[in-house]
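An overview of the molecular structure
Chain by chain, the residues:
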Amino acid sequence: MSEKKNWKSTLNLPQTDFPMKANLPGREPERLARWDELGLYEKIVARNEGNPKFVLHDGPPYANGRIHIGHALNKILKDFVVKSRSMMGFHSPYVPGWDCHGLPIEHKVDKQLGPKKREMSTVEFRQACRRFADENLDIQRRDFIRLGVFGSWDRPYSTMSYDYEAKIVETLGRCFESGSVYKGLKPVHWCTRCQTALAEAEVEYDEKVSPSIYVRFRAADDVAEKLGVGGEPLYAVIWTTTPWTIPANLAIVLHPDLEYSVVRAGGENHIVASELVAQVAKVFGWNEPEEVRRFRGGDIERMTYRHPLVDREGIFALGEYVTLEAGTGLVHTAPGHGADDFSTGRRYGLETLTPVDHRGRFTSKAPQWEDQYVYDANPGIVEALKGAGALLALRELKHSYPHCWRCKSPVIFRATEQWFISMEETGLREKALGEIEKVRWIPRWGYERISGMVANRPDWCISRQRAWGVPITVLYCDGCDEHVATPELFARVTELVRENGADVWFERDAAELVPEGYACACGSTTFRKETDILDVWFDSGSSHLAVAAPNPDLGWPVQLYMEGHDQHRGWFQSSLLIGTEVEGAAPYESVITHGFVVDESGRKMSKSLGNVVAPQEVIRDHGADVLRLWVSMIDYRDDVGLGKEILSRISESYRKIRNTARFLIANIEDFDPARDAVPIDELEPLDRWILDRTHQTFQRSRVAYENFEFHAVYHRILDLCTVDLSAVYSDVVKDRLYVEAADSKTRRAAQTAMYEIVRGLASMIAPILAFTADEIYESLTGSDEESVHLTSFPDLSRFALSSDQRRTWERLFDLREAVQKVLEGARGRREIGQSLEADIELRGTDPGELAAASGVDLAKLFIVSHVEIVSPDAGDEPEIGMKNARGSRCDRCWHYREQIRSEDGLCERCSEIVDSLTPVA
């Protein structure tokens, strides 16, 4: 008997320098440096220059600190879009931008400066803000680059650049010229901590506990007489959660068509809505109240009542907005502290009384509470009402209440002189709604959301009482106090700002800003400057005019905006309104909305809960590609979870994709496609099958990229790697790869398929796994580009099978699955160890037909030593039989064969291969 030999050296075992362990945190920075050295982004843009455009316009984040996980989600999603569109052949430059003005930065600089701020001029403070924004812009830029996001990072846009600030001034001038801008006294959301007006987009709603009070106001005697209780006191009952607005009460509003009741309880008469009598009776403890009279709200319009705390009369007014959802059906109205209140006051000629200053403190117009902060004054006002016999009930109510989006303080409604863009004067509302109809909203509910907001939004308050921003470049005449907002003034200031930045408005006297020779209609030639600045949403909403329109590489309108769902009331809307007002159209063709990042339990991330996931930590522990793979996995249209368990799962998915690529690379180490590729018609049937499966995966993935469905790309690529490649093709083809002669056609056929697959895979996953895809591509012989990111998406359509061929393969794999179940049963019974220790007997006509139709060796497909197909007798059901493999095991390929060479233990196939490797003496 011959001595057993070690045949390992005669096998074509996998070899590669492509590491199994990715070490992404260590290797990714090296690749970033290489990309930078190559000027890769510039080469991508140049490659597609002249092709159809697909421009994603970047919504600018605030330059005020390190990026958080929401920033990472947003920028990576945008990078998926830009990279995939570039690989589809579109000219898709990406210019990142930053929002650099406004409260977020002022707050940070205020904290840094402390008391020193009081010693600084406005210009010095603005310069400190500019330095802070510059520093943080650079910090965030490095963070975004580390994510693997491509873009014009050395030439980003910034809302504080001189050119950008000049465009803001010019755009404001165009709005004045159109007639949409006006100054007026109106109640606006006011932050007493930030001491400025807020736009709708700067208000968020959070829970607040407020005093809930029911207050009675004594009606005039003629009201009592008219309602049949003459000679007796009659009270109108209101309900409010803002006691501090009671001193500003000037009216009580009833619905013109609702029924109201005069109710006698405890010997006193009160007016409440008829439908709410039973409800309020429980609150007040009224026992069996008697209804004295019913009447319509309109019956007492313009009649009067006495204020319980202030020596004045108020009037009964009418309003369609009164409801029966809560309260008494009578609405306390303070025209200086509410939108509906203000409108009612205007209709009835009431004073817009606002006894509260910019700090939220009462003025001398409310002397009893002068200099008290409004919320601090609530208890005193409640006590005063109680002392006056006007308080019927006091409760606490936990409810949703508007808060400042930056400092998180509860806001108040306060009437002040502000600048507004009218939604009606130039038909802006209707025009904007018409433009919304033309835009593609993804997901579709974005259409309903923004159209509802635009349909119901008030005029846009564009003025802010702060320092860091672009000034509202309007002058006031010292002679007649009229404002000057002529095209000539805006043209002059625009040029001054372009040369010197917006600080020029604060540095120079009005005389230096006014156009030469200009005089007011009243004859005066002396002016003073407006001190308010613009809402930062006007800044960012002008970005399409400042960035896209002047740049021929980008153009106007752009193809896509993509931000979080809060931007329907923010950037999406401000951009739409400015584009529609100034250019007559929406600045975007499509808008994609994504959700926010929450923890694995669906809770909002917060430092107090300890559930914040920082992108810098994910990159440090796992690498940017794992973070990018997570972004591809999720359905970004909803809020998305992230935490340790999710990161663990996504890391496992990454390993599966990487190891599949590594197996393919390792088995084509000696393959040169220019020299060794096998023609399509000479490939083995299984090679054609896997190439067709890969083609279908790539084709569907491309469609998913086109439709921005990145999670579909993730699942299709992962299925290809784990099911079709790892569990089937790689397992079956190992015999050919390892055992056959290195340059045999059958081995080269497998390598041809594997090369096409791994090269195509590198390109297909490049938008998602930016670093790993480039590493894969770099490992391939015959790669003709400097980076995978300079390639196009693969087209394997030449390998596509017919529908009939695909059906044949489906039936073959159904049969393979049935055979595997038989083999697993035999392994469980310890009848066999490896599948090659088995022979399979198939009884039935179908297996033979399948084998003939596909040209497949069923033994190789099932990974057994022999398959015998036995034609059935009439009426026999198809059967799968298994028995121990006949013959002896070949020491080299481990197949069982009836003829084994005695001197070395090799089968006939292995003998021929080994003999061809042995030099002839």
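Here, every reference points to the structure presented above.
I will try to describe carefully the structure that is included in this document. (Residues numbered from 1 in each chain as written. Predicted model: local features only at pLDDT ≥ 70, side-chain atom pairs only at ≥ 80, totals over all residues. Heavy atoms only, no water.)

The secondary structure content of the chain amounts to 30 helices and 34 strands. Relative to a compact globule of 921 residues, whose C-alpha radius of gyration would be 29 Å, the chain shows 38 Å and is clearly more extended. Judged by the C-alpha coordinates and their principal axes, the chain covers about 130 × 75 × 45 Å. Within the span of the chain, comprising 921 residues, buried residues form 57% of the whole. Put simply, 77% of the contacts in the chain that link residues at least 6 apart link residues at least 24 apart. Accessible area of the chain: about 39000 Å², with a carbon and sulfur share of 46%. Distance from the positive charge centre (112 side chains) to the negative charge centre (143 side chains) of the chain: 3 Å. (Helix = DSSP H or I, 4+ residues; strand = E, 2+ residues; numbered from the N terminus. Rg over C-alpha atoms; globule rule 2.2 N^0.38 Å. Buried < 20%, exposed > 50% of the residue type's maximum accessible area, 1.4 Å probe, protein only. Contact = heavy atoms within 4.5 Å. Areas by Shrake-Rupley, 256 points an atom, 1.4 Å probe, with all protein chains shown as cover. Lys, Arg positive; Asp, Glu negative; His and termini not counted. Charge placed at Lys NZ, Arg CZ, Asp CG, Glu CD.)

We now examine unusual backbone geometry. Here the amide bond leading from I442 into P443 is cis, since omega sits at -5°, within 30 degrees of zero. Here P443 lies in the loop between strand 17 (440-442) and helix 12 (445-456). Residue W556 is joined to P557 through a cis peptide bond whose omega torsion reads -5°. Its location among the elements puts P557 in the loop between helix 17 (543-548) and strand 24 (558-564). Residue D481 is not a glycine yet carries a positive backbone phi of 70°. In this fold, D481 is placed in the loop between strand 20 (475-477) and strand 21 (483-484).

Each aromatic ring pair is summarised here by two numbers: the centre-to-centre distance and the angle between the ring planes. Under the defined criterion, the tally for this structure stands at 34 aromatic pairs. Seen in terms of ring centroids, W689 and W809 are 5.9 Å apart; in terms of plane orientation they differ by 35°. Their pairing is tilted. Remark: W809 occurs in helix 27 (residues 803-828) and W689 occurs in helix 23 (residues 685-706); sequence separation between them is 120 residues. Each member of the pair, W689 together with W809, is buried. On the basis of an interplanar angle of 40° and a centroid distance of 4.6 Å, the ring pair of W689 and F813 is categorised as tilted. Here W689, found in helix 23, pairs with F813, found in helix 27; they are 124 residues apart in sequence, far enough to count as distant. Of the two residues examined, W689 and F813, each falls in the buried class. Here the aromatic cluster, defined as three or more aromatic residues joined through ring pairs, consists of F80, Y636, Y705, F710 and F793. The ring of F54 is capped by R85, whose NZ or CZ atom sits 4.4 Å from the centre of that ring. Cation over ring: R146 sits above F771, and NZ or CZ is 6.0 Å from the ring centre. (Phe/Tyr/Trp six-rings, centres within 6.5 Å; stacked < 30°, edge-to-face > 60°. Lys NZ or Arg CZ within 6 Å of the ring centre and 35° of its normal.)

Turning to the pattern of salt bridges, a few remarks are in order. Applying the stated criterion across every chain, the model contains 65 salt bridges. One salt bridge in this structure joins E652 and R655, with 2.9 Å as the shortest N-O distance. With E652 and R655 both in helix 21 (residues 644-666) and 3 residues apart, the pair spans about one turn of that helix. (Salt bridge = Lys/Arg side-chain N within 4 Å of Asp/Glu carboxyl O.)

It is worth spelling out the nonpolar core at this point. If you look at the biggest cluster of nonpolar residues, it comprises 154 residues, and the most contacted ones within it are L147, W630, L642, F708, F710, I717 and Y729. In terms of residue count, helix 24 (residues 710-739) provides more of this core than any other element does, 16 residues in total. If we ignore the near neighbours within four places in the chain, the residues touching L642 are I69, V597, V598, D599, E600, M605, V613, W630 and L647. In terms of nonpolar packing, the next biggest core, distinct from the first, is built from 74 residues, C194, I436, Y447 and F527 among them. (Core = buried A, V, L, I, M, F, W, Y, C linked by side-chain atoms within 4.5 Å.)

For the rest of this paragraph, the subject is a positive patch on the surface. Positive charge collects at one region of the surface, where K108, K111, R193 and K607 lie side by side. Secondary-structure assignment places K607 in the loop between strand 26 (597-598) and helix 19 (615-621). Exposure remark for K607: the relative accessible area of 80% places this residue in the exposed category. (Patch = residues over 30% accessible without salt bridge, like charges linked within 9 Å, V, L, I, M, F, W, Y side chains within 5 Å.)

What follows covers the environment of I832. Here I832 shows up in the loop between helix 27 and strand 28 (838-843). Distance from I832 to K883, taken between C-alpha atoms, is 9.1 Å for residues 51 residues apart in sequence.

Between two packed helices, the angle of one axis relative to the other and the distance separating the axes together describe the packing. One way to put it is that helix 20 (residues 624-633) packs onto helix 21 with a least axis distance of 9 Å and a crossing angle of 100°. With respect to their mutual orientation, helix 20 and helix 21 come out roughly perpendicular. On helix 21, the residues that touch D625, V626, L629, W630 and M633 of helix 20 are I646, L647, I650, S651, S653, Y654 and I657. Residue composition of the contact of helix 20 with helix 21, by class: 9 nonpolar, 2 polar and 1 charged. (Axes fitted to C-alpha atoms, helices over the stretch in contact; angles between N-to-C directions. Parallel < 35°, antiparallel > 145°, perpendicular 65-115°, else oblique. Nonpolar A, V, L, I, M, F, W, Y, C, P; charged D, E, K, R; others polar.)

On the surface, D221, D222, E225 and E313 cluster together into a patch of negative charge. Positionally, D221 belongs in helix 7 (residues 221-226).

Okay, the sheet that holds strand 22 (residues 527-529) next. Read across the open sheet, the 3 strands follow the order 21-20-22; overall the sheet is antiparallel. Strands at the two margins of the open sheet, each flanked by one partner only, are strand 21 and strand 22. Pairing of strand 20 with strand 21, which is carried by 2 bridges, proceeds in the antiparallel orientation. Bridged to L475 within strand 21 is V484. (Pairing = 2+ DSSP bridges.)

Of all the residues in helix 11 (residues 428-438), the buried ones are L428, R429, A432, E435 and I436. Seen from one end, helix 11 has its buried residues packed into an arc of 125°, which puts them on one side. Opposite the packed face of helix 11, turned more than 90 degrees from it, sit the exposed residues E430, E437 and K438. Along its buried surface, helix 11 packs onto strand 16 (412-421), strand 17, helix 12 and helix 18 (571-583). (Arc of directions from axis to C-beta.)

Next up on the list: the sheet that holds strand 16. Taken in spatial order, the 4 strands line up as 5-4-16-18 in an open sheet, and their pairing is antiparallel. Taken across any chain shown, the strands that pair with only one partner, and hence form the sheet edges, are strand 5 (196-198) and strand 18 (460-461). Direction of pairing for strand 4 (residues 181-191) relative to strand 16: antiparallel, over a ladder of 10 bridges. Residue pairing across strands places V188 opposite R414, the latter belonging to strand 16.

Once that is clear, we can look at the packing of helix 4 (residues 103-113) against helix 5 (residues 122-146). Here helix 4 crosses helix 5 at 105°, and the two axes come no closer than 10 Å. If you check the angle between helix 4 and helix 5, you find them roughly perpendicular. Contact residues: I105, E106, K108, V109, D110, Q112 and L113 in helix 4; F125, A128, C129, F132 and A133 in helix 5. For the contact of helix 4 with helix 5, the class distribution of residues is 8 nonpolar, 1 polar and 3 charged.

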